[in-house]
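Single-letter residue listing:
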Amino acid sequence: MFDIQNLTLQYGKKQLFKDVSCRIGNQDRIGLVGVNGAGKSTLLRLIAGIEQPDDGEIQLGRNIKISYFLVSTKPKNSSLIRRYWKPCWQQQDQTLPPHHSVRS
């Protein structure tokens, strides 16, 4: 799906990433966990191409479509957003164990 090679990013004196490398495959399922300010959202913006690293490279696989949904603001048209994301929720519902659920 994508490769991250030698990713480095620094904001002023704060270094978020230094020579980070990983490969995420098509069948991989990952989660990003960390304290506030650790760089979770920044990493996603880097992968989406919204921000550029100081050094390193991010290579996306074929037919990869990146979407970025900013959740810190109130959407102007929430019904449009629900309609856009509903197929994702339905697909995820089918793969979750019975004691988990995702609702729109």
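Residues numbered from 1 in each chain as written. Predicted model: local features only at pLDDT ≥ 70, side-chain atom pairs only at ≥ 80, totals over all residues. Heavy atoms only, no water.

*Asks:* It is not clear to me how unusual backbone geometry should be interpreted in this structure. Could you clarify?
*Replies:* Negative phi values dominate among residues other than glycine, just as trans dominates among peptide bonds. Notably, Asn 6 is not glycine yet its phi reads approximately 55°, a positive angle. Checked against the element boundaries, Asn 6 lands in strand E1 (residues 2-11). Asn 6 sits in the partly exposed class, given a relative accessible area of 41%. Positive phi is not limited to glycine here, since Asp 19 has a value of about 55°. Note that Asp 19 resides in strand E2 (residues 14-24). (Helix = DSSP H or I, 4+ residues; strand = E, 2+ residues; numbered from the N terminus. Buried < 20%, exposed > 50% of the residue type's maximum accessible area, 1.4 Å probe, protein only.)

*Asks:* Looking at this structure, how should I read the sheet that holds E2?
*Replies:* Sheets are built from strands paired through backbone hydrogen bonds, the pairs being either parallel or antiparallel. Read from one edge to the other, the open sheet built from 3 strands follows the order E2-E1-E3, with strand pairing classed as antiparallel. Each having just a single partner strand, E2 and strand E3 (55-60) make up the two edges of the open sheet. The average angle at which neighbouring strand axes cross in this sheet is 20°, direction not considered. Relative to E2, E1 is paired through 7 bridges, and the arrangement is antiparallel. Note on E2: the bridge partner recorded for Leu 9 is Phe 17. (Pairing = 2+ DSSP bridges. Axes fitted to C-alpha atoms, helices over the stretch in contact; angles between N-to-C directions.)

*Asks:* Explain the pattern of salt bridges to me, please; I cannot follow it from the model alone.
*Replies:* Close approach of charged atoms lets side chains of opposite charge pair. Going through the model one piece at a time under the given rule, you end up with 2 salt bridges. In this structure, Asp 3 engages Arg 23 in a salt bridge whose closest nitrogen and oxygen atoms are separated by 2.5 Å. Taken together, the residues span a long stretch of sequence, with Asp 3 in strand E1 and Arg 23 in strand E2 at a distance of 20 residues. On the basis of relative accessible area, Asp 3 is assigned to the buried category, the value being 14%. By relative accessible area, which is 64% here, Arg 23 ends up exposed. Across the salt bridge formed by Glu 51 and Arg 45, the nearest N and O atoms sit 2.6 Å from each other. (Salt bridge = Lys/Arg side-chain N within 4 Å of Asp/Glu carboxyl O.)

*Asks:* What is the right way to read the environment of Val 20 from this model?
*Replies:* Here Val 20 shows up in strand E2. Look at Val 20 and you get partly exposed, because its relative accessible area is 29%. When neighbours within four sequence positions are excluded, Val 20 is seen to be in contact with Ile 4, Gln 5, Asn 6 and Leu 7. (Contact = heavy atoms within 4.5 Å.)

*Asks:* Before we go on, may I ask you to explain the nonpolar core in this structure?
*Replies:* Soluble globular proteins tend to bury their nonpolar side chains together. Membership of the largest hydrophobic core is limited to 10 residues, which are Phe 2, Ile 4, Leu 7, Leu 9, Leu 16, Phe 17, Ile 24, Leu 43, Leu 46 and Ile 47. Elements that contribute at least two residues to this core include exactly E1, E2 and helix H1 (40-48). With 4 residues, E1 is the single largest residue contributor to this core. Filtering out sequence-adjacent residues up to four positions away, Phe 2 remains in contact with Cys 22, Arg 23, Ile 24, Ile 47, Gln 59, Leu 60 and Gly 61. (Core = buried A, V, L, I, M, F, W, Y, C linked by side-chain atoms within 4.5 Å.)

Fair warning: the whole summary comes from geometry, so function is off the table for now.
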